[in-house]
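# Residue-level structure breakdown
Listed below, chain by chain, are the residues.
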Amino acid sequence: MLWIVGALLLFIIQIAFVIFFEYQRPNKAMVWLIVLYIFPVIGFLLYLFVAKEYNCSPALSQEEIGHWNRLKANLMDRCRQRALTNLRGETIGQDDNLYALLCGIPVAPITACNETTVFAEGDSAFEAMLGSIAASEHHIHVEFYIIRDDRLGTRFEQLLIRKAQEGVRVRLLYDGIGSRRLGKAYLKRLRDAGVETGCFFPLLSSFFNRRLNYRNHRKIVVVDGKTGFFGGLNIGDEYLGEDPKFGYWRDTHFSMKGDAVLWLQYTFLADWHWVTGQLIADPVYYPIQESRGKELVQIVKSGPDETILELIFSLIVSAKKRIFIETPYFILDPGILLALKTAILRGVDVRVIIPGVPDKNLVYSATLSYVQELLRAGVRFYSYQKGFIHAKVIISDDLAFSGSANMDIRSLSNQFEINALFYDGEVVDRLVQDFYRDLGVSEEILQSNFEKRSRFQKLKTVCARLLSPLF
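Throughout what follows, the structure given in this document is the object of discussion. (Residues numbered from 1 in each chain as written. Predicted model: local features only at pLDDT ≥ 70, side-chain atom pairs only at ≥ 80, totals over all residues. Heavy atoms only, no water.)

### Some details on the overall build of the protein
Along the backbone of the protein there are 17 helices and 18 strands. The proportion of buried residues among the 471 residues of the protein is 56%. For the protein, the proportion of contacts with a sequence separation of at least 24, taken over those separated by at least 6, is 83%. Approximately 20600 Å² of the protein is accessible, and the part contributed by carbon and sulfur atoms is 57%. (Helix = DSSP H or I, 4+ residues; strand = E, 2+ residues; numbered from the N terminus. Buried < 20%, exposed > 50% of the residue type's maximum accessible area, 1.4 Å probe, protein only. Contact = heavy atoms within 4.5 Å. Areas by Shrake-Rupley, 256 points an atom, 1.4 Å probe, with all protein chains shown as cover.)

### Some remarks on the packing of helix α6 (residues 122-134) against helix α7 (residues 151-165)
At a closest axis distance of 10 Å, the pairing of α6 and α7 adopts a crossing angle of 15°. Between α6 and α7, the angle falls in the class roughly parallel. For the crossing formed where α6 meets α7, the hand is left-handed. Mapping the contact onto sequence places F126, E127, M129, L130, I133 and A134 in α6 and L152, R155, F156, L159, L160, R162 and K163 in α7. Across the contact of α6 with α7, the residue classes break down as nine nonpolar, no polar and four charged. (Axes fitted to C-alpha atoms, helices over the stretch in contact; angles between N-to-C directions. Parallel < 35°, antiparallel > 145°, perpendicular 65-115°, else oblique. Left-handed = near helix turned anticlockwise from the far one by under 90°. Nonpolar A, V, L, I, M, F, W, Y, C, P; charged D, E, K, R; others polar.)

### Overview of α6
For α6, built from 13 residues, the straight-helix expectation of 18 Å at 1.5 Å per residue is met to within 8% by its first-to-last C-alpha distance of 18 Å. Those residues of α6 that sit buried are G122, A125, F126, M129, L130, S132 and I133. The buried side chains of α6 occupy one side of the element, clustering within an arc of 160° when seen end-on. Residues of α6 that are buried in the fold lie against β1 (110-121), β2 (139-144), α7, β5 (220-223), β6 (227-231) and β7 (248-257). (Expected span 1.5 Å × (residues − 1). Arc of directions from axis to C-beta.)

### Looking at helix α13 (residues 361-377)
Note: α-helices contain 3.6 residues per turn, so residues at a spacing of three or four share the same orientation. Over its 17 residues, α13 extends 25 Å from the first C-alpha to the last, a length consistent with the 24 Å expected when each residue adds 1.5 Å. Of all 17 residues in α13, 13 are buried, a share of seventy percent or more. Remark: G378 follows α13 within two positions and exhibits a positive phi of approximately 115°.

### Considering the packing of aromatic side chains
Applying the stated criterion to the full structure yields 19 aromatic pairs. Here the aromatic rings of F246 and W249 are separated by 6.0 Å at their centres, their planes lie at 85°, and the arrangement is edge-to-face. For F246, a relative accessible area of 14% puts it in the buried group. Ring centres of F254 and F422 lie 4.8 Å apart, and the angle between their planes is 35°; this geometry places the pair in the tilted category. In this pair, F254 sits in strand β7 while F422 sits in strand β17 (residues 417-422), placing the two residues 168 residues apart along the sequence. A single burial state applies to F254 and to F422, both of which are buried. Taken together through their ring pairs, the aromatic side chains of F200, F201, W274 and F416 make up a single cluster. In this arrangement the basic side chain of K386 is found over the ring face of Y248, its NZ or CZ atom lying 4.3 Å from the centre. (Phe/Tyr/Trp six-rings, centres within 6.5 Å; stacked < 30°, edge-to-face > 60°. Lys NZ or Arg CZ within 6 Å of the ring centre and 35° of its normal.)

### A look at the environment of S124
Mapped onto the fold, S124 is located in helix α6. On the accessibility criterion, S124 (34% relative accessible area) is partly exposed. Taking the C-alpha atoms as reference, S124 lies 9.5 Å from L240; in sequence the two are 116 residues apart.

### Remarks on the packing of α7 against helix α8 (residues 184-192)
Their axes nearest at 9 Å, the elements α7 and α8 cross at an angle of 20°. Here α8 runs roughly parallel to α7, going by the angle between their axes. For the element pair α7 and α8, the recorded crossing hand is left-handed. When α7 is examined against α8, the residues G153, E157, L160 and I161 are found in contact with a partner set consisting of Y186, R189 and L190. Classifying every residue of the contact of α7 with α8 gives four nonpolar, one polar and two charged.

Right, dumping it as structure tokens:
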């Protein structure tokens, strides 16, 4: 009898612990209480190691704080004034609330004089990256969530080794979870050739420090501080469409020249400082940009916070004509869910393309639960049939937002991401054209499709939806 009382008391303490620490996030609190109910001890241990509120910023010295403050102020002075002067009258002056929000994003000024190239698949994007790296003269900065030791990974490895041996400064960052299968031999060959490497939250230390849930999902390449790449692609053969399960891999990636590259560089060097402790202050890494382009671009990073989530919410609620979304995962914050429903009520054309072939079954089941709910509201959904769609694009009227962040709670709240907001008509038009091209190889999802599912499929969707705040 005493052991029953003790077990019940322990269970009550666990419940009180979760409620105390999750009172500001009731959706997550409810899910964790369900997990505790089903797995009383294991669930609590899982909560301790996975659900820790993010509070692990490195302790910085006064010198380091001063460096980043001065650098931020200097870069903003270089970029902001002419960009905002051009932007206010020409781009979003018709929506002062949205304009004020975009101008107020920390460490994300609207930059001018940019030139953007959009890549819709891996082949062309990787060739452009490798070509730019091959032409580098001073430094190469590479940061990816996933790096694989396969054919494509070997091409990057050999080129980085060659450039390091030529005297170019090469730095490589990778995520401890995303690149957990990257072998020590791969990294040793790089280091032996002079490539500096850093691992963001290594697997083992992440477990004991309770950081497993917070990953660096960014994909950045900066060459000589003048050319930058970012978007949805990681380094692996599947991103070339060579995985037999998925076949063709549809993604969106960008090449950038101009003032926006300074903020890609800023992001990489801040991450490098975080991981290695090395503070790189040489102004040679922030050169005067030679681009003569006229595009306005705003680089937006999150890490982890709700900066990107707030921006997406604002893009949705300010839309008057169209909201087009492409995403591999579609698991929504309640605010985004409500914003999409109200957009339909305002008469906005809302369309979403998701994969036809899932890469994560449980996540896909959760995605379908949100699809079903929004179909009733009038949102139109399409299932991509040509292969796997990994593109992460949001088009709101005449603005486009794209980068590494998926349309899911994990990306928008828990991960380190980097996106760009595009104001230029040609870039937005190109992304719209890509969207319509993808519609041409997609099948519309109808409400009647859900009525034909088996009871098991319906139950799976319900369970996945309940757990979705944890994905």
